[in-house]
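Remarks on the overall topology
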Amino acid sequence: MPETLAAARDPAADLAAELAARVAAGERRALARAITLIESTRADHREQAVALLAALPRRQALRIGLSGTPGVGKSTFIEAFGLMLTGLGLRVAVLAVDPSSARSGGSILGDKTRMEQLSRDPNAYIRPSPSRAELGGVARRTRETVRLCEAAGFDVVLIETVGVGQSETLVAEMSDLFVLLLAPAGGDELQGVKRGIMEMADLILVNKADGELKATANRTVSDYAGALRLLRKRPQDPEGFPKALPVSAVEGDGLSRAWEEMQALARWRRETSHFDRHRAEQAQSWFLSEVRAGLLARLEREPAASKLATLGAQVATGQADPVAAAADMLDFLG
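Residues numbered from 1 in each chain as written. Predicted model: local features only at pLDDT ≥ 70, side-chain atom pairs only at ≥ 80, totals over all residues. Heavy atoms only, no water.

Under an unreviewed UniProt entry, the chain has the name LAO/AO transport system kinase and belongs to Paracoccus solventivorans.

Quick look at the structure:
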């Protein structure tokens, strides 16, 4: 009987359970290994990743999404903000997404070198990941990485996107608070920021509010505050939110105030059930995203791949109508 039970054990599940236990114990090397596993596209690794996620303990960190215009100083801000949080005794994980080359698929992954002080902090963990052409400013497995960091006992998870654009709003679907970091500027930048991302933002921080730019930054804060008042009131916001504030990542001014506002907003949302409701919606969105990704993956495997290639060739030569060919493909997948 013992031999039969031993033979029935799943080695992949055992390895996943062991790795999950080490992640839960806060082992940094185990966390790095776990993230590498879930980012892998190998079929056997995906099976192990699913088992790993199922074995993780349920812990909750404050998830803060951060996006910003190019050159605004996101890395400088995150390092200063992260050091302030670790100074308060909090454990901070930074998930930095770097854009991948459309030609080679490679990424520089230089965020860790730009956050030199924070990367040496024992209470901080920085993980750069390639976007791999994923839209939304985040990597394919950012949601899973957040879960791993929460299971590892981090109190705050900062999710840095690749930069502001029309598709950058996906990070708001996997964070509790969405912070938009902008530089001191006039109306041109205000017009350049897409309305969609403005509507998603919970807090707008105007960086570089120091030296000669301090007065300009304060005027920019007033401009954004006025623009936010014109937006439709959201049910998940208390009075006064969303709001705009000046910060200086170089001098550290405004960082404590920004953290206080983030805590106040998160606390209000917890007390009014908006926090848990948003987490439930995020879980459902994650589920649907996985289903869509799985369906697309089926197209890359046989026999669907050959059918897709045949229909594609017929459409290209005019032998088949695109709409009819798509219907045929869907029927084939049935």
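**Focus: the layout of surface pockets**
Of the volumes computed, that of the second largest pocket is approximately 360 Å³. Arg 58, Arg 63, Arg 147, Ala 283 and Trp 286 are, among the 17 residues lining the second largest pocket, the residues nearest its centre. Among the elements of the structure, helix 8 (142-151) and helix 13 (274-298) are those that each provide at least two residues to the lining of the second largest pocket. At six residues, helix 13 tops the list of elements feeding residues into the lining of the second largest pocket. Looking at the lining of the second largest pocket residue by residue, the classes come out as six nonpolar, two polar and nine charged. (1 Å grid on protein atoms, 1.4 Å probe; cavity = no way out; pocket = protein on both sides within 12 Å on 5 of 7 lines; lining within 4 Å. Points joined across faces, edges and corners; volume = space filled by probe spheres on them. Helix = DSSP H or I, 4+ residues; strand = E, 2+ residues; numbered from the N terminus. Nonpolar A, V, L, I, M, F, W, Y, C, P; charged D, E, K, R; others polar.)

**Observations concerning the pairing of strand 6 (residues 203-206)**
Burial along strand 6 is two-sided: Leu 203 and Leu 205 facing one way and Ile 204 and Val 206 facing the other are all buried. Relative to strand 6, strand 5 (residues 177-182) is paired through four bridges, and the arrangement is parallel. Residue pairing in the sheet places Leu 181 in a bridge with Leu 205 of strand 6. Pairing geometry for strand 6 and strand 7 (residues 243-246), over four bridges, is parallel. Among the inter-strand pairings, Leu 203 is bridged to a residue of strand 7, identified as Lys 243. Note on the crossover from strand 6 through helix 11 (residues 214-229) to strand 7: the handedness is right-handed. (Buried < 20%, exposed > 50% of the residue type's maximum accessible area, 1.4 Å probe, protein only. Pairing = 2+ DSSP bridges. Right-handed = clockwise from strand over helix to strand, strands pointing away.)

**Considerations on the packing of aromatic side chains**
A complete count under the given rule lists three aromatic pairs for this structure. Relative to Phe 81, the ring of Phe 77 has its centre 5.4 Å away and its plane inclined at 10°; by these criteria the two rings are stacked. In this pair, Phe 77 and Phe 81 are both assigned in helix 5 (residues 74-87), four residues apart and thus about one turn of the helix distant. Like Phe 81, Phe 77 is buried. Seen from their ring centres, Phe 81 and Trp 259 are 6.1 Å apart, and the 70° between their planes marks the pair as edge-to-face. (Phe/Tyr/Trp six-rings, centres within 6.5 Å; stacked < 30°, edge-to-face > 60°.)

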